[in-house]
Amino acid sequence: MNIQLFNFWYFLFIFLSVGGFIGLYFLLKNKSQLIIKLVLISLMAFALVLHFMKGLFPPYSLNYEIHLRDSWFINICGANIALFPLILLSKNKHLKDYMFYIGVISGIIAIFYPIDPIQKVDQSAEWIDVLRFYLHHNLLWYSPLLMVLLKIHTLDYRRVWSTPFIFLGVMLFIMLNQIFQSELGFIGLRGDNIHEIPYI
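Cut-offs and rules
Residues numbered from 1 in each chain as written. Predicted model: local features only at pLDDT ≥ 70, side-chain atom pairs only at ≥ 80, totals over all residues. Heavy atoms only, no water. Phe/Tyr/Trp six-rings, centres within 6.5 Å; stacked < 30°, edge-to-face > 60°. Buried < 20%, exposed > 50% of the residue type's maximum accessible area, 1.4 Å probe, protein only. Lys NZ or Arg CZ within 6 Å of the ring centre and 35° of its normal. Core = buried A, V, L, I, M, F, W, Y, C linked by side-chain atoms within 4.5 Å. Helix = DSSP H or I, 4+ residues; strand = E, 2+ residues; numbered from the N terminus. Contact = heavy atoms within 4.5 Å.

Caption draft 1: Structural context of the packing of aromatic side chains. Within this structure, the stated rule accounts for 14 aromatic pairs. Relative to Tyr134, the ring of Phe133 lies with its centre 5.4 Å away and its plane at 85°, an arrangement referred to as edge-to-face. When sorted by exposure, Phe133 lands in the same class as Tyr134, which is buried. Here the aromatic cluster, defined as three or more aromatic residues joined through ring pairs, consists of Phe6, Tyr10 and Phe11. Residue placement shows Lys54 over the ring face of Tyr60; its charged tip is 5.2 Å from the ring centre.

This is the structure we're talking about:
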């Protein structure tokens, strides 16, 4: 297995991602709202557990420093994995709007431009993490899109103004996360180049 842009494996994983969503949609289509909510919350809780379980597999299991660094919420997808189960449990419609817009956008972008698997030196040795990447990011867009399509939440254009502010709040959460990581010695401080982030 060697995923590169537009090769067989690239399109296979896109096909499996879309197929998984369609299958899940028809599986839940005629279920009660309670069952749908339980399934969506369970999926996002599983995604959160999966985030921390990556330390059990290469490359994280072979490099303790990378494990410590990447087990935190260092990007928008990781942060959303932590926040989405809580948002699903909340009754805040603004947060659910954010979950839909940002979750669907970030999840689908990650599937169509899977930079993490592409950059792996030896994908065959890290195949479990490649599968984790796809499962992780698929759940990011599966849950919010199903939430809307199955009428668990109704979008309202009059609330769309709040999404950028919530997004900025999440980015602040990520920045604070990096500060804590730096203080604990998991990542280095920035150098003279402010654009060079140590965890990259």
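Next comes the rest of the description.
Caption draft 2: Main features of the nonpolar core. Among the nonpolar cores identified, the biggest contains 45 residues, and Tyr98, Leu146 and Met147 are the most heavily contacted of them. Looking at this core, the elements that each hand over two or more residues are α1 (8-28), α2 (33-53), α4 (76-89), α5 (93-112), α7 (127-149) and α8 (162-183). Here the element with the most residues in this core is α7; it accounts for 11 residues. Aside from chain neighbours lying at most four places away, what touches Met147 is Leu40, Leu88, Lys96, Met99, Phe100, Ile152 and His153.

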